[in-house]
Amino acid sequence: MTGRWGCAVVNDRYRRIFPYCVALSGHRAAYVEMLCTRGASPTFSRDPRDAVNRFMAFAVAFGSVANAEQLQRGLHVAISDKVRIPPASIDPTIKNYHWLDLVRGLYDAYDRGAETALLLDFNGNVAEGPGFNVFCVDDGKLSTPAVGVLPGITRRTVFDLCAEKGLAVAAADVSVAALRQSDEVFITSTAGGIMPVTMIDGVPVADGKVGAITRRLMAIYWQKHEDPAWSSPVRYP
Ligand SMILES: *Cc1c(COP(=O)(O)O)cnc(C)c1O
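Residues numbered from 1 in each chain as written. Predicted model: local features only at pLDDT ≥ 70, side-chain atom pairs only at ≥ 80, totals over all residues. Heavy atoms only, no water.

### Observations regarding the overall build of the chain
Tallying secondary structure elements over the chain gives six helices and 11 strands in all. Computed over the C-alpha atoms, the radius of gyration of the chain is 19 Å, within 12% of the 18 Å expected from 2.2 N^0.38 for a compact globule of 237 residues. With the principal axes as the frame, the chain shows a C-alpha extent of 55 × 45 × 30 Å. The burial tally for the chain puts 43% of its 237 residues in the buried class. In the chain, once contacts between residues fewer than 6 apart in sequence are set aside, the share between residues at least 24 apart is 66%. For the chain, the exposed area adds up to about 12,600 Å²; of that, 55% sits on carbon and sulfur atoms. Averaging the locations of the 25 positively and 24 negatively charged side chains of the chain gives two centres separated by 7 Å. (Helix = DSSP H or I, 4+ residues; strand = E, 2+ residues; numbered from the N terminus. Rg over C-alpha atoms; globule rule 2.2 N^0.38 Å. Buried < 20%, exposed > 50% of the residue type's maximum accessible area, 1.4 Å probe, protein only. Contact = heavy atoms within 4.5 Å. Areas by Shrake-Rupley, 256 points an atom, 1.4 Å probe, with all protein chains shown as cover. Lys, Arg positive; Asp, Glu negative; His and termini not counted. Charge placed at Lys NZ, Arg CZ, Asp CG, Glu CD.)

### With respect to the site of the ligand
Neighbouring residues of the ligand: 14 residues in total, closest Lys95, Glu128, Ile153, Thr154 and Thr190. Separating a nitrogen atom of the ligand from a side-chain N or O atom of Glu128 is a distance of 2.7 Å. At 2.6 Å, a side-chain N or O of Thr190 approaches an oxygen atom of the ligand. Protein chains shield 93% of the accessible area of the ligand, which is 380 Å² for the free molecule. Within the shell around the ligand, the residues separate by chemical class into five nonpolar, six polar and three charged. (Near = heavy atom within 4 Å. Polar contact = N/O pair within 3.5 Å; in protein donor to acceptor, adjacent residues only side chain to side chain. Nonpolar A, V, L, I, M, F, W, Y, C, P; charged D, E, K, R; others polar.)

### Examining the nonpolar core
Residues Leu179, Val185 and Ile200 are the most contacted members of the largest nonpolar core, which totals 19 residues. Membership of the second largest hydrophobic core comes to 15 residues, among which are Leu161, Leu167, Ile220 and Tyr221. (Core = buried A, V, L, I, M, F, W, Y, C linked by side-chain atoms within 4.5 Å.)

### With respect to the side chain of Ser80
Here Ser80 lies in strand S3 (residues 75-83). Within the structure, Ser80 has its side chain in polar contact with the backbone nitrogen of Lys82 (distance 2.9 Å).

Given below as C-alpha cells:
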C-alpha cells in the first residue's frame, strides 16, 4: 500500500517519518496523520506562549467517512442549521480540530435520520462537513466552496485530477439551492477519498444514483495510489 502526501509543510524529514510510521504499524491500508499541538506549560502558566509544543505522527487502520454500502449507493446528508465557525474567529484553512460546530451538526443529522451533515458558512452558503469537503457537478462542471473551509488535500487532488482529465472545476460560492439542484454531489476526505452523496434532507440528488463523473473520479483516485508519480512507497520490515 502506498500513500500520498502533498502538503506544503511536508519536508524531507516528514517524508521519511510517515512511511516509517506505516511500516512499523504493519497496516497495509493505513490512515496517516500528523498533528502539532500547543502542548502543556511545565510551570502551569496561563500564558499559551509558555507551552511546550508537541509534534505527533501516527498510522492507524484506514478508516472512511462512508462505509462500503454508502460508497455503493451514496451518502444521505442533512444540511445543519449550525453555522460553521466563521474564519474571523478560527482560521478554517488550518486543520484545527475546533469541531464542536461540526459535531453538533452530526447529532442533528442523526436525529433527522441522515448519515452525516453539511454545515453552512456565515453567508448561508454551503461550507463543509465533519472532516470532509463537498463538490457538486452541474452540466459536467465541478464546483466546491471557496471560503470558510479547510482546503483539504483530497479536495486539491480533485482539482489535480480534473486538470489531468480536462474537467472544469472551480472554487466558488455554492448556495444551498444550487447544491440541491446539482446533477451530482460528492464529498472528499483523506478518510475515504471521494465519496458519493445521493440524498440531501431526504430528497434524492438528481435521479438518486451515484453520478457518472463521481464514479469516474473515484476510480481514478484509487488508481493513482498505484502510480509512483502520485504516491510514496512503504517498505515493510
Ligand atoms: C480533514 C478535514 C477535511 C478534509 O481534508 P483532507 O485533507 O482531504 O483529509 C475537510 N474539512 C475539515 C473541517 C477537516 O477537518
